[in-house]
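Listed below, chain by chain, are the residues.
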Amino acid sequence: MSIEELARANVRELVPYQSARRLGGKGDVWLNANEYPQAVEFQLTAQTLNRYPECQPKAVIENYARYASVTPQQVLVSRGADEGIELLIRAFCEPGQDAVLFCPPTYGMYSVSAETIGVEYRTVPALEDWQLDLQGIADTLDGVKVIYVCSPNNPTGQIINPQDLRVLLEMTRGKAIVVADEAYIEFCPQASLVGWLSEYPHLVILRTLSKAFALAGLRCGFTLANEEVINLLMKVIAPYPLSTPVADIAAQALSTPGILAMRERVQQILDERQRLVEALQNIPCVEQVFPSETNYILVRITASSAVFKSLWDQGIILRDQNKQPSLSGCLRITVGTREESQRVIDALSAEKV
Ligand SMILES: *Cc1c(COP(=O)(O)O)cnc(C)c1O
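Residues numbered from 1 in each chain as written. Predicted model: local features only at pLDDT ≥ 70, side-chain atom pairs only at ≥ 80, totals over all residues. Heavy atoms only, no water.

The chain goes by Histidinol-phosphate aminotransferase in an unreviewed UniProt entry, where it is assigned to Superficieibacter electus. In its Pathway (unreviewed entry) section, the UniProt entry covering the chain states "Amino-acid biosynthesis; L-histidine biosynthesis; L-histidine from 5-phospho-alpha-D-ribose 1-diphosphate: step 7/9." According to the UniProt record, the Cofactor (unreviewed entry) comment for the chain reads "pyridoxal 5'-phosphate". (UniProt positions renumbered as here; feature names shortened; annotations may be inferred.)

Right, here's the structure in full:
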C-alpha cells in the first residue's frame, strides 16, 4: 500500500482550510485575514522554560473571566478559537453517527474540523438577509449534536437576530450544543450572548485574542460555557495546550491596561471602517457595501475576480468570497490603517467598469 492509501479515507479526500496565509500572495497591503494592522509590543516575564506550563494558566483564566463577566469555572483557554471548534466536535460527536450543523455563508473551519475528525456536517443556507432559517434548521436537526452560529458572522459582517437565537436555543434544549462564535464581538460588545449562559446549559461561546486584541500570531482563544461543558472539554484537550510564553503574553493582554488599549484599538478601527464604507460607496465598480459590525467589510464588485486579481498584482491582498453560497461577486476587505484604506480606495477607483 502506498502511504497515501494508508491514510484515512476522509483525510485523503480532505481539502485543507484555505487560510489567508496558505493562499499566499506577495503584497504590502494585507487585508485578507481580519488581523489588526499593527503589532502591539510585549515583553516576556516568565523564564521557567525548563518546566511544563500549567494546562489552564491561572492568571489567563482569571483575567479572561473578569473581562467576560463569567466565573473562572466557565472559561477554557486553547490554541486559538479554532482549537475550541475542534474540541467541541471531539467531546460531543460520535464519528459516523452524530452530525454538526452550520449556516453558510460562514467561517470555513466548521466543515474542515468535522471532516478531519470524520463527523458528518450538514448545512442549512442562511436566508436572503443572512439570518437563520429556523424552519430549515428544525427540519435538519435529527442526529445533530453541535450547531455553530457565527455572530457577528464572518464574512457577511452582521449580527444574528437575538430573538432567532432564543428560538434556536429552545429548539435544541436537551438535544444539541449551540456554539456562538464571537470572534469579532469586541467590535459590537452589546451583542454578546454571555449573559445567557445561566439560562441555557447547552450554550457555548467562542472568543479569541486574534482580532481586536491584535494577537493573531499568539494563537490564543477561549471557550465560555457552563462548568459541565467546560469539564468535558477539559477531558479531551491536550495536556499543555499553551506554551509558557503564550500564557505570559495573554495574561498581560488581559490586564486592565491591556483591555483599555484593546478598546482604543476598536474605536480606531470603527472610525476607519466608517471612512472606508463612505469612500467605497462612491466607487463605480462597487455595486454594494454591506453593513458591518466587525473589522471587515463585505462588498459586491463588478467583475470581482478580475478586480481581485488586479489588486493582488498591485500588492493589495483581499479575500475573495465568490465561492461561498450567495456571495458571488463579493470580496471581503479587512479594515486596516488609514494608509491601507487609501491604497484600496485608489486602486478600486482606478478600475474600469
Ligand atoms: C478568526 C476566526 C476564528 C479563529 O480564531 P483563532 O483564535 O485565531 O483560532 C474563529 N472563528 C471566526 C469566525 C474567525 O473569524
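Additional details are given in the paragraphs that follow.
Go over the nonpolar core, please, and point to the residues and values.
With 85 residues, the main nonpolar core has Leu168, Leu209, Leu280 and Leu348 as its most contacted residues. The element best represented in this core is helix H11 (residues 256-280), accounting for 8 residues. Ignoring any residue separated from it by four or fewer positions in sequence, one finds Leu280 in contact with Val286, Val289, Ile297, Val299, Ile333 and Leu348. (Core = buried A, V, L, I, M, F, W, Y, C linked by side-chain atoms within 4.5 Å. Buried < 20%, exposed > 50% of the residue type's maximum accessible area, 1.4 Å probe, protein only. Helix = DSSP H or I, 4+ residues; strand = E, 2+ residues; numbered from the N terminus. Contact = heavy atoms within 4.5 Å.)

An account of the sheet that holds strand E9 (residues 286-289) is requested, with residue identities and associated values reported.
Taken together, 4 strands build an open sheet; the order of strands is E9-E10-E13-E12 and the sheet is antiparallel. Whereas interior strands pair on both sides, the edge strands pair on one side only; in this sheet they are E9 and strand E12 (319-320). Sheet analysis places strand E10 (residues 296-301) next to strand E13 (residues 330-334), joined by 5 bridges and oriented antiparallel. Bridged to Arg300 within E13 is Cys330. (Pairing = 2+ DSSP bridges.)

Explain the environment of Ala91 to me, and be specific about the residues and the numbers.
Position of Ala91 among the secondary structure elements: in helix H5 (residues 80-92). The exposure class of Ala91 is partly exposed, given its relative accessible area of 27%. Through-space distance from the C-alpha of Ala91 to that of Val204 is 13 Å; in sequence the pair is 113 residues apart. Setting aside anything within four residues of it in sequence, one finds Ala91 in contact with Leu232, Leu233 and Val236.

Report on the environment of Thr106, specifying residues and quantitative values.
With respect to the helices and strands, Thr106 occurs in the loop between strand E3 (99-102) and helix H6 (109-117). The exposure class assigned to Thr106 is buried, which follows from its relative accessible area of 7%. As for Thr106 and Arg332, which are separated by 226 residues in sequence, their C-alpha atoms are 12 Å apart.

Tell me what's going on with H6, and back it up with residues and numbers.
For H6, a buried count of 7 out of 9 residues is recorded, marking the element as mostly surrounded by other parts of the structure. Of all the positions in H6, only Met109, Tyr110, Ser111, Val112, Ser113, Ala114 and Ile117 are classed as buried. Along its buried surface, H6 packs onto helix H2 (9-13), H5, E3, strand E4 (120-123), strand E5 (144-150) and strand E6 (177-181). Residue Gly118 follows H6 closely and has a positive phi angle near 85°.

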